[in-house]
Amino acid sequence: MAVHTSVSPHHGRGNGAGLGLALASALAFGGSGVAAKPLIEAGLDPLHVVWLRVAGAALVMLPVAVRHRALPRRRPALLAGFGLLAVAGVQACYFAALSRIPVGVALLVEYLAPALVLGWVRFVQRRPVSRAAVLGVVLAAAGLACVVEVWSGLGFDALGLLLALGAACCQVGYFVLSDQGGDAGDAAPDPLGVIAYGLLVGAAVLTAPARPWNADWSVLAGSVRMDGTAVPAVALLAWIVLVATVVAYVTGVLSVRRLSPQVATVVACLEAVMATVLAWVLLGEHLSAPQVAGGAVVLVGAFIAQSGAPAAGSPEPVASGGPERELSARGTAT
């Protein structure tokens, strides 16, 4: 794809592709919990599952890291930040929060990230944000509260809430860092290289707290139960590594570069919807009427946010994902 310095007549097509990538990323990320839960119930520690997820994905992406071995010298801060925040930070903070507060509360707090991204754009970068993006965030947050049924388990454990907020801040880092260099032309860091080194950094950081040498590896040699059906444990691990991590991060980063961080974060709220639907289908965890309604509201919020992108030549705010944002020509093929 060519690099454009002016308004592109194919901007709408690019937004559509970016939205498709964001949806694919949300679906891939949303499937991680459904695949991980049977492994955890079979005896694996949650932190061991996280380490296996990140380390396995890092191993898969190792050839990409070798191909882009000059990247650590060119962008060491970006790679370190992506590994610490977008990979290790999000995973560690979220799973730690789950040990102290209900899943619904932790998930809702984590997905305050869209609002935090808007705050970053508006008050740190001092760029205007569109009304559509703000409305989309509000609707997505309200719908997400219904999806996770936050009212069913409100608990105000200060440390747990702080950890969940830490996961939200790390998720902001994921979207902001994914956007770095997207408009730098040939000088832009290859997104696949950033992901590969981010996973390597994340695996290294998680090794000490996870202590994988203490894991019960025998679980992976047998089968686990998924809603009463025996499934090979290694198959679920493969799904977590290849789809819920490698595919999820690749499509997620590319979607941010085609859209914008604040639009992509709203679409990412669909991860909770995807996770809930998959848990319904695969684990027998049935959806209530408020959850179905909440999922519809999240969809509406995501649509409003991404449709707020200004048309070609429009003076609308850049922060809504307008034609000022074009994907770099380098490293976009998967």
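This is a predicted model, so every value here is computed, not measured.

A word on the state of the cysteines
- In total, this model carries zero disulfides according to the counting rule given.
- Looking at the unpaired C93, the closest cysteine sulfur is the one in C170, lying at 4.6 Å.
- Of the cysteine sulfurs around C169, a residue in no disulfide, the closest is that of C170, at 7.0 Å.
- What makes C169 partly exposed here is its relative accessible area of 44%.

Description of unusual backbone geometry
- Phi is positive for R211, close to 50 degrees, though the residue is something other than glycine.
- Judged by its relative accessible area of 48%, R211 falls in the partly exposed class.

What to know about helix α11 (residues 233-258)
- The first and last C-alpha atoms of α11 sit 36 Å apart over 26 residues, in line with the 38 Å expected at 1.5 Å per residue.
- At A248, α11 shows its strongest bend, of approximately 30 degrees.
- Within α11, 19 of the 26 residues are buried, which leaves the element mostly enclosed by the surrounding structure.

Observations concerning the confidence of the model for the protein chain
- Residues of the protein chain with pLDDT of at least 70 account for 80%, and the chain-wide mean is 77.
- When mean pLDDT is compared element by element in the protein chain, helix α3 (residues 62-67) scores highest at 95, while helix α6 (residues 103-110) scores lowest at 68.
- Segment residues 1-13: pLDDT under 50, and 16 contacts once partners within four positions in sequence are set aside and those in other chains are kept.
- For residues 309-334, every residue scores under 50 in pLDDT, and the model assigns this stretch 77 contacts once sequence neighbours within four places are set aside.

Procedures and definitions
- Residues numbered from 1 in each chain as written.
- Predicted model: local features only at pLDDT ≥ 70, side-chain atom pairs only at ≥ 80, totals over all residues.
- Heavy atoms only, no water.
- Disulfide = S-S within 2.5 Å.
- Buried < 20%, exposed > 50% of the residue type's maximum accessible area, 1.4 Å probe, protein only.
- Helix = DSSP H or I, 4+ residues; strand = E, 2+ residues; numbered from the N terminus.
- Expected span 1.5 Å × (residues − 1).
- Bend = angle between axes of the 7 residues up to and from the residue.
- pLDDT = per-residue confidence, 0-100.
- Contact = heavy atoms within 4.5 Å.

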